[in-house]
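# Coordinates in review
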Amino acid sequence: MTPAPVPLLYSYRRCPYAMRARMALLVAGIAFDAHEIVLRDKPAAMLALSPKGTVPVLQLADGGVLEQSLDIVQWAFGVNDPQHWWMRAQSTDNLDLLRACDGRFKHHLDRYKYPERFDEADRAQHRDAAMDALLKPLDVHLQHSAQLGGEIPCATDIAVFPFVRQFAAVEPAWFGTLPLPALKTWLSDWLSHPLFEAAMVRLPAGRATRFPPFNAAESA
Ligand SMILES: N[C@@H](CCC(=O)N[C@@H](CS)C(=O)NCC(=O)O)C(=O)O
């Protein structure tokens, strides 16, 4: 019997946008294949589906294509979301945090993380601006609840966390000195979270492989 077709995710392990997409697909329990791409040698099949050339890209089993990470997250939770991860991410506060993450924070993060690509003299300013844009507001939110979704995570947690991880990894010793205790606890919990570990599995590059499923019950 021919196996049922599953969606195909073009992905890059270290890309924070692809991380949010993989975590959403995994937590929704959706079987999918993943093609780990090489950024400098993108597959022609992916570029044919999505000429803009960024990952993640999800080719659905019916042939539809989702080319933005948040569209993939929304689609995944539209398929299966018994704990309302998507709905709980739609509060004004969470939408503001997500907008700040993908907008101002990402802008300053890139200039802090890759000073050689930008004006190196402004690096400290970008580090401070990134903190004001997202990390300080996040810490305030997380003082009131363990996750942005409340007591359990929502789509905002998995969408934002990979970018905070990137920021923290630029100068880990300095990050450790920051007076943002709630944010640091949340980050460290996510770094060892079974869902994140499942999403970071290493796959062979250059071809599609079935992504190992995540069993929330087993890892609880
Ligand atoms: N708005 C896109 C952004 C995706 C994006 O920028 N991905 C990066 C990797 S983290 C990428 O593919 N860049 C293309 C390249 O480096 O060639 C989304 O949310 O999916």
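The rules behind these values
- Residues numbered from 1 in each chain as written.
- Predicted model: local features only at pLDDT ≥ 70, side-chain atom pairs only at ≥ 80, totals over all residues.
- Helix = DSSP H or I, 4+ residues; strand = E, 2+ residues; numbered from the N terminus.
- Rg over C-alpha atoms; globule rule 2.2 N^0.38 Å.
- Buried ≥ 20, exposed ≤ 12 C-beta atoms within 10 Å, placed from the backbone.
- Contact = placed C-beta atoms within 7 Å.
- Domains from an automatic or database assignment.
- Nonpolar A, V, L, I, M, F, W, Y, C, P; charged D, E, K, R; others polar.
- Pairing = 2+ DSSP bridges.
- Axes fitted to C-alpha atoms, helices over the stretch in contact; angles between N-to-C directions.
- Parallel < 35°, antiparallel > 145°, perpendicular 65-115°, else oblique.
- Left-handed = near helix turned anticlockwise from the far one by under 90°.
- Core = buried A, V, L, I, M, F, W, Y, C linked by C-beta atoms within 7 Å.
- Near = placed C-beta within 6 Å.
- Arc of directions from axis to C-beta.
- Bend = angle between axes of the 7 residues up to and from the residue.

## Brief notes about the overall build of the protein chain
Across its full length, the protein chain holds 10 helices and five strands. Computed over C-alpha atoms, the radius of gyration of the protein chain comes to 18 Å, within 12% of the 17 Å expected from 2.2 N^0.38 for 220 residues, which places it in the range of a compact globule. By its C-alpha atoms, the protein chain is 60 × 40 × 30 Å across when sized along the principal axes. Evaluated residue by residue, the protein chain yields a buried proportion of 36% over its 220 residues. Taking all contacts inside the protein chain whose residues are at least 6 apart in sequence as the whole, residues at least 24 apart take part in 71%.

## Considering the domain arrangement of the protein chain
The domain boundaries assigned to the protein chain delineate domain 1 (8–82 + 198–219) and domain 2 (87–195). Of note, the centres of domain 1 and domain 2, computed from C-alpha atoms alone, are 22 Å apart. Counting residues at the interface gives 14 residues for domain 1 and eight residues for domain 2. For the side of domain 1 that touches domain 2, the secondary-structure elements that each account for two or more residues are α1 (16–27), α3 (69–79) and α9 (194–199). Residues belonging to the side of domain 1 that touches domain 2 are distributed by class as follows: 12 nonpolar, one polar and one charged.

## Let's talk about the sheet that holds strand β3 (residues 57–59)
Sheet architecture is open: five strands sit in the order β4-β3-β1-β2-β5, paired in mixed fashion. With partners counted over all chains shown, the strands left at the sheet margins are β4 (65–66) and β5 (208–210), one partner each. Examined bridge by bridge, β3 and β4 share two bridges and lie antiparallel to one another. Directly across from Leu58, in β4, lies its bridge partner Leu66.

## Some words on the packing of helix α4 (residues 92–113) against helix α6 (residues 155–170)
One way to put it is that α4 packs onto α6 with a least axis distance of 10 Å and a crossing angle of 25°. Accordingly, the angle class assigned to the pair α4 and α6 is roughly parallel. Where α4 crosses over α6, the two elements pack in a sense that is left-handed. Contact residues: α4 offers Asn94, Leu97, Leu98, Cys101, Phe105, Lys106, Leu109, Tyr112 and Lys113, while α6 offers Thr156, Ala159, Val160, Phe163, Gln166, Phe167 and Val170. Partitioned by chemical class, the residues of the contact of α4 with α6 number 11 nonpolar, three polar and two charged.

## Things to note about the nonpolar core
If you look at the biggest cluster of nonpolar residues, it comprises 58 residues, and the most contacted ones within it are Ala21, Ala24, Ala130 and Ala155. When residues of this core are assigned to their parent elements, the largest contribution, nine residues, is made by α1. Both domain 1 (8–82 + 198–219) and domain 2 (87–195) contribute no fewer than three residues apiece to this core.

## Examining unusual backbone geometry
Cis geometry is adopted by the peptide bond preceding Pro56, which originates at Val55 and carries an omega value of 5°. Although it is not a glycine, His84 adopts a positive phi angle of roughly 60°. The topology assignment puts His84 in the loop between α3 and α4. Residue classification places His84 among the partly exposed residues on the basis of 15 C-beta atoms within 10 Å.

## Things to note about the site of the ligand
All residues in the neighbourhood of the ligand are listed as Tyr12, Cys15, Pro16, Tyr17, Leu39, Gly53, Thr54, Val55, Pro56, Gln68, Ser69 and Leu70. Going through the elements one at a time, α1 and α3 are the ones with two or more residues in the shell around the ligand. Class assignment of the residues belonging to the shell around the ligand gives a composition of eight nonpolar, four polar and no charged.

## What to know about helix α8 (residues 181–191)
Inspection of α8 places Leu183, Trp186 and Trp190 among the buried residues, and these make up the whole buried set. When α8 is viewed along its axis, its buried side chains cluster within an angular range of 65° and face the same direction. Exposed positions of α8 whose direction lies more than 90 degrees from the buried face are Pro181 and Ser188. If you follow the buried residues of α8, they end up packed against α5 (123–144), α6 and α9.

## Description of α4
Helix geometry: α4 is bent most strongly at Phe105, by close to 45°. Of the residues making up α4, those classed as buried are Asn94, Leu97, Cys101, Phe105, His108, Leu109, Arg111 and Tyr112. Against α5 and α6 lie the buried residues of α4.

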